[in-house]
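Below, each chain spelled out in residue letters.
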Amino acid sequence: MDPATITTGRLVLTPLRASDADAMAGVLRDEALHEFTGGAPLGLIELRRRYERLEAGSGDPDECWLNWIVRREADGEPIGTVQATVTRLDGGWTAEIAWIIGVPWQGRGYAGEAATGLVRWLREQGVPVVTANIHPDHHASAGVAARAGLTATADLNDGERVWRTE
């Protein structure tokens, strides 16, 4: 499964390339982005290496790493990323998704729009089950998951609530 360009009303999601690290380093440099996930922003060299690994893929035929840069359609400016780890399970596919929008662009509905576009694309590819793991106190991400058609479950994964398509 290969990522394709995904378009929404205001956004274009383009398959991630290692060369995107230069533009994305500034988008992802705010430490506030790590409030619920831990860690710290990567420097340009580390981000480029990470993107090289992501672009190369998992190497496992039963697991696909799909990553996109979220860009505003109006000016092509990168504002974040979305990702899906798609896994073959019992003859079918499931996907675990995540998203991140840079601090200056938060609160404008971009994350929900990007996640909704991603879930729609995954469904079009024949992926019936989509999940996301969200910190219980991250209300903004819970709203994004709900907008994308996911519902909170009683399941926890490393302390995060599992959200799932029905």
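Since we're looking at a predicted model, the values are computed, not measured. (Residues numbered from 1 in each chain as written. Predicted model: local features only at pLDDT ≥ 70, side-chain atom pairs only at ≥ 80, totals over all residues. Heavy atoms only, no water.)

1. Observations concerning the overall build of the protein
On a plain count of helices and strands, the protein comes out with four helices and eight strands. Reading the protein from its N terminus to its C terminus gives the helix and strand order β-β-α-α-β-β-β-α-β-α-β-β. For the protein, whose C-alpha radius of gyration is 15 Å, the value lies close to the compact-globule estimate of 15 Å for 166 residues. Along the first, second and third principal axes, the C-alpha set of the protein runs to 40 × 35 × 30 Å. (Helix = DSSP H or I, 4+ residues; strand = E, 2+ residues; numbered from the N terminus. Rg over C-alpha atoms; globule rule 2.2 N^0.38 Å.)

2. Re the nonpolar core
With 47 residues, the main nonpolar core has Tyr51, Trp68, Val86, Ile97, Trp99 and Leu122 as its most contacted residues. The greatest single-element share of this core, amounting to eight residues, is contributed by helix H3 (residues 110-124). Excluding residues that lie within four positions of it along the chain, Val86 makes contacts with Met1, Asp62, Glu63, Cys64, Leu66, Trp93, Thr94, Ala95, Leu122 and Val127. (Core = buried A, V, L, I, M, F, W, Y, C linked by side-chain atoms within 4.5 Å. Buried < 20%, exposed > 50% of the residue type's maximum accessible area, 1.4 Å probe, protein only. Contact = heavy atoms within 4.5 Å.)

3. Some remarks on the sheet that holds strand S6 (residues 129-134)
Here we have eight strands laid out as an open sheet, ordered S1-S2-S3-S4-S5-S6-S8-S7, and mixed in their pairing. Every interior strand has two partners, whereas the edge strands, strand S1 (6-7) and strand S7 (151-157), have only one. Summarising the sheet, strand S2 (residues 11-15) and strand S3 (residues 63-72) pair through five bridges and their orientation is antiparallel. What sits directly across from Thr14, in S3, is Ile69. Contacts between helix H2 (residues 44-56) and the sheet are confined to S3 and strand S4 (78-89), with S3 contributing the most and set at about 125° to the helix. (Pairing = 2+ DSSP bridges. Axes fitted to C-alpha atoms, helices over the stretch in contact; angles between N-to-C directions.)

4. Describing the confidence of the model for the protein
Here the protein averages 94 in pLDDT, while 100% of its residues score no lower than 70. Predicted confidence in the protein is weakest over H2, with a mean pLDDT of 93, and strongest over S2, with 98. (pLDDT = per-residue confidence, 0-100.)

5. What to know about the side chain of Arg72
Its place among the elements puts Arg72 in strand S3. Reaching out from Arg72, the side chain makes a polar contact with the side chain of Asp75 at a distance of 2.5 Å. If near-sequence neighbours (up to four positions away) are discounted, Arg72 is found in contact with Arg10, Leu11, Glu77, Ile79, Trp105, Arg108 and Tyr110. (Polar contact = N/O pair within 3.5 Å; in protein donor to acceptor, adjacent residues only side chain to side chain.)

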